[in-house]
Amino acid sequence: MRIFSGIQPTGRKHLGNYIGAIRQYVEGQDRGDAIYCIVDLHAITVAYDPAELRDRLYDTTAILLAAGLDPQRCILFRQADVKEHTELAWLLANVTAYGDLTRMHQFKEKSAEQREFVSAGLFQYPVLQAADVLAYRTDEVPVGEDQKQHIEVMRGIAERFNARFGETFVVPSHRIPEVGARIMDLQSPERKMSTTGATELGTVFVLDEPDRVVKKFKSAVTDSGTEIVRRPDKPGISNLIEILAVVRDTTPDAVEKEYADAGGYAGFKEDVGRAVADYLAPVRERFAELRPNEAGLERILATGAEKARAISSETVTLARRRMGVGPPDG
Ligand code: AMP
Ligand code: TRP
């Protein structure tokens, strides 16, 4: 089974990214033929600084390796190193419905955040994402809940292409975790944890120092009750229950049982904070060892890109041929 996912090299990676996506990437290495891409071409669709983009690219690479991605057991590469992605994105744009793109939540949110300029690249973002996945004949795409709509669109693109030009692409499925698919901001638990537009205190970063992690959880916004249960009117507590279940590798039900007689939130919040701090500490330590060696990171990415190109170039050649563009034997 082929597994593929992409992650943006923007901002600082947070607990939502880790629980919703990165954790699944690591586990994917044992379940199938896993390919992970750091999507720098997606990162340039909004305002950014070129030098900072490179730094963040190394940060993201080092975080993924620190989390447990093993270049011997998966392919890890940088999107812009494999030109097949951009070429396929253009081909696929012509089997993408304009109307579908106008309905994308992520486009609406991100375009509203841009003060001066909304790029056509941001609008086309889901087409490039479809190219990322379809180029590898991917079966399964591990992502957080917020990417569901993008996966739906790429399924439609693959189906339309196959119907119009003949069977070429595998129609991929999303893999969204049952618990932790949507980690919420600790300060405004009705909003998802995110790199943009959130408060520093509400966002737990993978590289936060342990004390800082504990402090953020102690300050988490909860309701005025005392019961530790998941309920729609308790978004803050529900979020903390899910987080603790994931980092302790147990279920939300078991967490609720354990804290049934807690009689208040203070001890619970502190426990969640310490559990998350312990969970992230080894990642932070390995990151510190890996991050300074940029030449080493480049070597890993270059090896990954070579392997990725070997796979994607076959699919893109086939797509070109089917569409009748370029020379007949090209
Ligand atoms: P990004 O950093 O935007 O490239 O996101 C990388 C991955 O993290 C994607 O699969 C997202 O669905 C996932 N993700 C982002 N925010 C959250 C969140 N708050 N909870 C769970 N997963 C998330
Ligand atoms: N759009 C995804 C995000 O914001 C990142 C991404 C790019 C991706 N290409 C992908 C995710 C391919 C899964 C598969 O998180």
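Source: prediction; values computed, not measured.

The rules behind these values
- Residues numbered from 1 in each chain as written.
- Chains lettered and ligands numbered in written order.
- Predicted model: local features only at pLDDT ≥ 70, side-chain atom pairs only at ≥ 80, totals over all residues.
- Heavy atoms only, no water.
- Helix = DSSP H or I, 4+ residues; strand = E, 2+ residues; numbered from the N terminus.
- Rg over C-alpha atoms; globule rule 2.2 N^0.38 Å.
- Buried < 20%, exposed > 50% of the residue type's maximum accessible area, 1.4 Å probe, protein only.
- Contact = heavy atoms within 4.5 Å.
- Lys, Arg positive; Asp, Glu negative; His and termini not counted.
- Charge placed at Lys NZ, Arg CZ, Asp CG, Glu CD.
- Arc of directions from axis to C-beta.
- Domains from an automatic or database assignment.
- Polar contact = N/O pair within 3.5 Å; in protein donor to acceptor, adjacent residues only side chain to side chain.
- Nonpolar A, V, L, I, M, F, W, Y, C, P; charged D, E, K, R; others polar.
- Near = heavy atom within 4 Å.
- Areas by Shrake-Rupley, 256 points an atom, 1.4 Å probe, with all protein chains shown as cover.

1. Some details on the overall build of the chain
No. 1: When helices and strands are tallied, the chain shows 13 helices and five strands.
No. 2: Here the chain has a C-alpha radius of gyration of 21 Å; the compact-globule value for 330 residues is 20 Å, and the two agree.
No. 3: For the chain, the spread of C-alpha atoms along the three principal axes comes to 75 × 45 × 40 Å.
No. 4: Looking at the chain as a whole, 50% of its 330 residues qualify as buried.
No. 5: Intrachain contacts of the chain at a sequence separation of at least 6 include 74% that bridge at least 24 residues.
No. 6: If the 43 positive side-chain charges of the chain are averaged to one point and the 50 negative ones to another, these points end up 3 Å apart.

2. What about helix α9 (residues 210-218)?
No. 1: The complete set of buried residues in α9 reads Val213, Val214, Lys216 and Phe217. Along the long axis of α9, the arc covered by the buried residues comes to 160°, so they all point the same way.
No. 2: Its buried side turned inward, α9 meets α1 (15-31), α10 (235-248) and α12 (266-290).

3. Describing the domain arrangement of the chain
No. 1: If you check the domain split of the chain, you get domain 1 (2-180 + 294-323) and domain 2 (210-288).
No. 2: On a C-alpha basis, the centres of domain 1 and domain 2 stand 31 Å from each other.
No. 3: Counting residues at the interface gives 11 residues for domain 1 and 11 residues for domain 2.
No. 4: Inspection of the domain 1/domain 2 interface yields two residue pairs in polar contact (both at pLDDT 80 or more).
No. 5: Residue assignment for the side of domain 1 that touches domain 2 shows that the elements contributing at least two residues are α1 and α3 (50-67).
No. 6: For the side of domain 1 that touches domain 2, the element with the most residues is α3, which contributes five residues.
No. 7: By residue class, the composition of the side of domain 1 that touches domain 2 is eight nonpolar, one polar and two charged.

4. What to know about the site of ligand 2
No. 1: Within the structure, ligand 2 sits among 14 residues, and Gln8, Tyr125, Gln129, Asp132 and Gln147 are positioned closest to it.
No. 2: At 3.3 Å, a side-chain N or O of Gln8 approaches an oxygen atom of ligand 2.
No. 3: Between ligand 2 and the protein, one listed contact pairs a nitrogen atom with a side-chain N or O atom of Tyr125 at 2.7 Å.
No. 4: In the complex, 91% of the free accessible area of ligand 2, which totals 370 Å², lies under the protein chains.
No. 5: The element contributing the most residues to the shell around ligand 2 is helix α7 (residues 120-134), with four residues.

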